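Below are the chains, spelled out letter by letter.
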Amino acid sequence: MQYLRGRRSGDSTLLQQQLVKGALADALAEQLEIRAVLTGLGSADVTPSLVNGLNGQITRIDRALLRLLGATSMLLGGPGEVAYVSELLADAYLADGEG
């Protein structure tokens with residue numbers, strides 16, 4: 001948010017661009033959905049398919065948010081690095097029975 005608030009495009013900041021606002025709203029809605037699912041689950045409800053599906057959803061959200069940052073997202077130590085490691089870990093540790 002801070003990066004988008006500080007970058008300008010024309011007469012306004014990136015954060016004020018309609019498409020950027022829409023992308024952020026979509027990402028937040030998906031993050032809240034994931035939180036609601038995880039909060040409402042008991043340990044018996046957690047299945048490999050569910051875990052893998054949520055990991056995939058998190059990866060898609062990360063990628064969408066990184067696109068908003070442009071090349072900045074790929075800098076060493078930047079947000080892209082964290083998202084990429086998260087994706088690699090999710091792929092490496094697919095829940096049993098999937099992959």
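Scroll up for the structure.
Cut-offs applied
Residues numbered from 1 in each chain as written. Predicted model: local features only at pLDDT ≥ 70, side-chain atom pairs only at ≥ 80, totals over all residues. Heavy atoms only, no water. Salt bridge = Lys/Arg side-chain N within 4 Å of Asp/Glu carboxyl O. Helix = DSSP H or I, 4+ residues; strand = E, 2+ residues; numbered from the N terminus. Buried < 20%, exposed > 50% of the residue type's maximum accessible area, 1.4 Å probe, protein only. Core = buried A, V, L, I, M, F, W, Y, C linked by side-chain atoms within 4.5 Å. Contact = heavy atoms within 4.5 Å. Patch = residues over 30% accessible without salt bridge, like charges linked within 9 Å, V, L, I, M, F, W, Y side chains within 5 Å. Areas by Shrake-Rupley, 256 points an atom, 1.4 Å probe, with all protein chains shown as cover. Axes fitted to C-alpha atoms, helices over the stretch in contact; angles between N-to-C directions. Parallel < 35°, antiparallel > 145°, perpendicular 65-115°, else oblique. Left-handed = near helix turned anticlockwise from the far one by under 90°. Nonpolar A, V, L, I, M, F, W, Y, C, P; charged D, E, K, R; others polar.

## Things to note about the pattern of salt bridges
1) Next: Under the definition given, this model contains one salt bridge.
2) Next: Between Glu-87 and Arg-63 there is a salt bridge whose closest N-O contact spans 2.2 Å. Pair noted here: Glu-87 is in helix H4 (residues 79–92) and Arg-63 is in helix H3 (residues 48–69), with a separation of 24 residues, a long-range link.
3) Next: Under the relative-accessibility criterion, Glu-87 is labelled buried at 17%.
4) Next: Given the relative accessible area of 43%, Arg-63 is considered partly exposed.

## So, the nonpolar core
1) Next: In terms of nonpolar packing, the biggest core is built from eight residues, these being Leu-4, Leu-15, Val-20, Leu-24, Leu-66, Leu-68, Leu-69 and Ala-83.
2) Next: With three residues, H3 is the largest single contributor of residues to this core.
3) Next: With sequence-adjacent residues up to four places away left out, Ala-83 is seen in contact with Asp-62 and Leu-66.

## Observations concerning a nonpolar patch on the surface
1) Next: On the surface, a nonpolar cluster with roughly 330 Å² of combined accessible area is contributed by Val-85, Leu-89 and Tyr-93.
2) Next: Of note, Val-85 is situated in helix H4.
3) Next: Judged by relative accessible area, which is 43%, Val-85 ranks as partly exposed.

## Section: the packing of helix H2 (residues 18–39) against H3
1) Next: At a minimum axis distance of 10 Å, the contact between H2 and H3 shows a crossing angle of 160 degrees. With respect to each other, H2 and H3 are oriented roughly antiparallel. Remark: the crossing between H2 and H3 carries left-handed chirality. Note on element contacts: H3 touches H2 through Leu-50, Leu-54, Gln-57, Ile-58, Ile-61, Leu-65 and Leu-68, opposite Val-20, Ala-23, Leu-24, Ala-27, Glu-30, Gln-31, Glu-33, Ile-34, Val-37 and Leu-38.
2) Next: For the contact of H2 with H3, a count of residues per class yields 13 nonpolar, two polar and two charged.

## Description of the environment of Gly-10
1) Next: Looking at the secondary structure, you find Gly-10 in the loop between strand S1 (8–9) and strand S2 (12–13).
2) Next: Taking relative accessible area as the criterion, Gly-10 reaches 67% and is therefore assigned exposed.
3) Next: On a C-alpha basis, the gap between Gly-10 and Val-37 in space is 40 Å, while along the polypeptide they are 27 residues apart.

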